[in-house]
Amino acid sequence: MRFGAAATITRCYSNHHFNKVENLQFQWNVALTKHASQNPSSALSLYKHMQYLDIPPNNHTYPPLLKACAAVREAPSISQLQVHVFRLGLVSDLFVSAALIDAHGKCGRCEIALQLFEELNPHVADRVLWTTLISTLSHHGFNEQALQQFTRMRSCCGVDVVSFCALLSNPRQISSEPHFLRYGRTIHALSFKYGFELENRLTNTLIHMYSRGGALADASKAFDGFPIRKRDVVSWNSMISALAANGQEQQAVSTFFDMLALGEAPSKVTLMAVFNACAQLACIDTCQRVHKHLIPGHSALFLNDVAVATALLDMHARCGDLNLARRLFDDIQLKNVVSWSAMIAGYEQNMDFHKALDLFHKMVEEVRPNEVTMISVIAACSGLGASQPGRVIHSFVMMTGLARDGRVGSALIDMYAKCGDIQSARRVFDFTDYAMRTVVMWSAMIGAEGLHGAGQRSLSLFSDMTRHGFAPNEVTFVSLLSACSHGGLVQDGLSCFKIMQRVYRLSPAAKHYACVVDLLGRAGKLIEAHDFIRAMPIEADVAVWGSLLGACRLHGNYDLAMVAEKEILCLDPSSVGHQVLLANIYKEAGKGEDVIRTRVAMKKKGLKKIAGCSFVEMGNKVYGFIADDRSCFESAKVYEALQALDEQVKNVGLANKEAFDIKILINGQFHSERLAIAFAIMMMVKKKGETIRITKNLRVCKDCHDYTKLVSKVCKKELIVRDSHRFHHFKGGCCSCGDYW
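Residues numbered from 1 in each chain as written. Predicted model: local features only at pLDDT ≥ 70, side-chain atom pairs only at ≥ 80, totals over all residues. Heavy atoms only, no water.

Undergrad: Looking at this structure, I do not really get helix α38 (residues 672-684). What am I missing?
TA: At 3.6 residues per turn, the α-helix brings residues three or four places apart onto the same side. End to end, α38 covers 18 Å across 13 residues, agreeing with the expected 18 Å (1.5 Å per residue, within 8%). Of all 13 residues in α38, 13 are buried, a share of seventy percent or more. (Helix = DSSP H or I, 4+ residues; strand = E, 2+ residues; numbered from the N terminus. Expected span 1.5 Å × (residues − 1). Buried < 20%, exposed > 50% of the residue type's maximum accessible area, 1.4 Å probe, protein only.)

Undergrad: How do you make sense of the pattern of salt bridges when you look at a structure like this?
TA: Opposite charge on two side chains makes pairing possible when the charged atoms of those side chains draw close. One pass over the structure, following the stated rule, counts 17 salt bridges. Across the pair R457 and E449 runs a salt bridge whose closest N-O atoms are separated by 3.2 Å. Residue classification places E449 among the buried residues on the basis of a relative accessible area of 2%. With a shortest N-O distance of 2.9 Å, E673 and K696 are connected by a salt bridge. Here E673 is found in helix α38, whereas its partner K696 is found in strand β3 (residues 691-696), with 23 residues between them in sequence. Accessibility assignment for this pair places E673 and K696 in one class, buried. Taken together, the shared-partner salt bridges in this structure form one network comprising R426, E449 and R457. (Salt bridge = Lys/Arg side-chain N within 4 Å of Asp/Glu carboxyl O.)

Undergrad: Is there a simple way to think about the packing of helix α14 (residues 233-245) against helix α15 (residues 249-261) in this case?
TA: The angle between the axes and the distance between the axes are what describe a pair of packed helices. Contact geometry for α14 and α15: axes closest at 7 Å, N-to-C directions at 165°. When the axis of α14 is compared with that of α15, the two are roughly antiparallel. The way α14 lies across α15 gives a crossing that is left-handed. For the pair α14 and α15, the contacting residues are V233, W236, N237, I240, L243 and A244 in the first and E249, Q251, A252, T255, F256, D258 and M259 in the second. Residues of the contact of α14 with α15, tallied by class, amount to 8 nonpolar, 3 polar and 2 charged. (Axes fitted to C-alpha atoms, helices over the stretch in contact; angles between N-to-C directions. Parallel < 35°, antiparallel > 145°, perpendicular 65-115°, else oblique. Left-handed = near helix turned anticlockwise from the far one by under 90°. Contact = heavy atoms within 4.5 Å. Nonpolar A, V, L, I, M, F, W, Y, C, P; charged D, E, K, R; others polar.)

Undergrad: Explain the side chain of N237 here, please?
TA: For N237, the location among the structural elements is in helix α14. Residue N237 is classed as buried on the basis of its relative accessible area, which comes to 8%. What N237 contacts, discounting residues up to four positions off in sequence, is M259, S267, V269 and T270.

Undergrad: When you look at the packing of helix α4 (residues 62-71) against helix α6 (residues 94-106) in this model, what are you seeing that I'm missing?
TA: Running from N to C, α4 and α6 cross one another at 0°; their axes reach a closest spacing of 9 Å. The angle between α4 and α6 falls in the class roughly parallel. Across from Y62, P63, L66 and A70 in α4, the residues of α6 making contact are F95, V96, A99, L100, A103 and K106. Along the lines of polarity and charge, the residues of the contact of α4 with α6 split into 9 nonpolar, no polar and 1 charged.

Undergrad: What is the right way to look at the packing of aromatic side chains in this model?
TA: Given two aromatic rings, one states the distance between the centres and the angle between the planes to describe the pair. Inspection of every chain in the model, using the stated rule, returns 15 aromatic pairs. For the pair F329 and W340, a centre-to-centre distance of 5.1 Å together with 80° between the ring planes defines the contact as edge-to-face. With F329 in helix α19 (residues 322-331) and W340 in helix α20 (residues 337-349), this pair connects stretches of sequence that are 11 residues apart. Here the two residues F329 and W340 agree in accessibility, since each one is buried. Here the aromatic rings of F497 and Y513 are separated by 5.6 Å at their centres, their planes lie at 65°, and the arrangement is edge-to-face. (Phe/Tyr/Trp six-rings, centres within 6.5 Å; stacked < 30°, edge-to-face > 60°.)

Undergrad: Which parts of the structure should I look at to understand the sheet that holds strand β2 (residues 621-626)?
TA: Paired through backbone hydrogen bonds, the strands of a sheet run either parallel or antiparallel to each other. Reading across the sheet, the 6 strands line up as β2-β1-β3-β4-β5-β6 and stay open at both edges, with mixed pairing between neighbours. In the strand order of this sheet, the two ends are held by β2 and β6 (734-735), each with one partner. When strand β4 (residues 718-722) meets strand β5 (residues 727-731), the two strands line up antiparallel, connected through 4 bridges. Bridge pairing links I720 to H729 in β5. (Pairing = 2+ DSSP bridges.)

Undergrad: Any chance you could explain the environment of E249 here in plain terms?
TA: Along the chain, E249 turns up in helix α15. The spacing of E249 and L281 is 32 residues in sequence and 6.4 Å in space, taken between C-alpha atoms. Not counting residues up to four positions away in its chain, the partners in contact with E249 are L243, A244, A277, Q280 and L281.

Undergrad: What's the story with helix α33 (residues 558-571) in this structure? I'm lost.
TA: Here α33 spans 20 Å end to end across 14 residues, near enough to the 20 Å set by a 1.5 Å rise per residue. Among all positions of α33, only Y558, L560, A561, A564, E565 and I568 are buried. Projection of α33 onto a plane perpendicular to its axis shows the buried side chains occupying an angular sector of 150°, all on one side. α33 presents D559, K566 and C570 as exposed residues on the side facing more than 90 degrees away from its buried surface. (Arc of directions from axis to C-beta.)

Below, the structure is given as structure tokens:
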């Protein structure tokens, strides 16, 4: 940096030039302040130009300039400015000194900030300076040092509510730091000693601190102990946000209505918090109640603020009211990328994948999508199970540079895997540099391999992941345990479950226990699976008992199925899938009375069996079929093709003495996947294509599994079938699952 000479400053401040120089200083300082807030880098350039014109800096020049240096982490420039401040004798100015300490602190140079304060303290013993230092130390986690300086401040110049708040300015998530929560409670107790317990700013800070630490009871106590007449909108916002952030969404909404009943007008922050709470609740009635209550007096907030309007439409979309969400979206005059992304995400989350993609095509004509947009769009392609639209989206993110985002890369891996194209998923992962990979991306690839039955590859990836310094999380272990389950890797799976707890100190959730039960159950270890459930430290949920029930169906254990039935009906009497599974178990065990009992119970509850539905991707289109479907595309030709295919399969199966139950053919069972296969083969006569990709909403049955193996042998094509559990790659009369699914 270039600094003007002292002689120039003296000359400029002569009587002849005083007014002119003072005006120039004022104008340049205003410009510096503006640029420091909006574009810090340009503020530094502006200061250099100011030096070039020999306009002398003053005490108003350095605070915004130091702020700009701190924003762009220009530590060397801060040191140079400090030298100049001392040389000009401006160090005695309170705000210049405070700006120096703050700038050093924001660059992580807390030791220099503390040293500078000690040098200045004899000359400037002021609360502002003390508070700046305390805030700097607390901000960077130096809590003990901050408290020591606070103690010194008390004896030197006294403390105020601002200095108390400075002690709690650590922005980090402190839920994993119990010592900081204890530290916060100490500050809370001190506030009573000094009579600041009724100060709004401190109470709001305490609520925020307790909320981030997961101490909701303490946050509520601080809020409830604060007189209603002294609460302001920030107080209410702090409590509503604390409740919503800690899983108490219903209480957050109730607190919001309490706020309105007491005559406190909501702010933008209030609405954003309560809309988010309603979205988490996913209750249409609550959403409509909140919306209708606000319309009469606060409609201007919806019409004039795109952020609030977007939060409102997101609330309705996440609660399933897509028509209202779309009307709100269409009413937004100046839509931004967040508005578009929220509406696209709403369609995707409600499985209206075609509308999500259609809206995306309109969006690119108006606004440049961001990473969040692309995650929803890629997820929509995953939901369709259509790889062709996914490849187009992949090309788009490559051209726009959005593929560099780890979240987008993870979504692409997941999309290709769910579309049955595991090779493309591997290419996305392999072409991503290690520096750009994230835990989410590793977990996605581990899960993708497991979904396609490549359990050993999942284990190898996990080994590579940990070797390169990535710490697995809960999602990683769900993917890994599921991969071991689908691959029949019982001992490897049990070892991973132990490593999760002993090495990585992660507490298993119900979904991890469900994976282990599935792992043991698929392998026929039903008694071990049941004992494992009984020994669980947490209560088993429907998913856990459902895993055991599925294993009972697989291995024909009628008695244990009765045990699982009792537990599932207690937890979720309306679970359709599990009750259908029970009826099938009883039917196979020859328990006709239990079959009737189960079906009658379902009928009384108004529960209906989910119809089997299969989809096949041909070109840029996806065709759907249901069992015994006579209304499908070119129905007569499809059944004609299926009949011809059945004859080929029957002949090959019988000629080669395949273990194939031909009852599926002779009983006239037209399952949806058989219709989809016949349609695909019929269409491939007209169009080139070697791989048939089919998606089914239910688990593929054994008969259709055997049938599809023979189809792959007869037609000499690969068939990739995705059912509700995993992928099956049929080729040459064999399946990638090894008949273990």
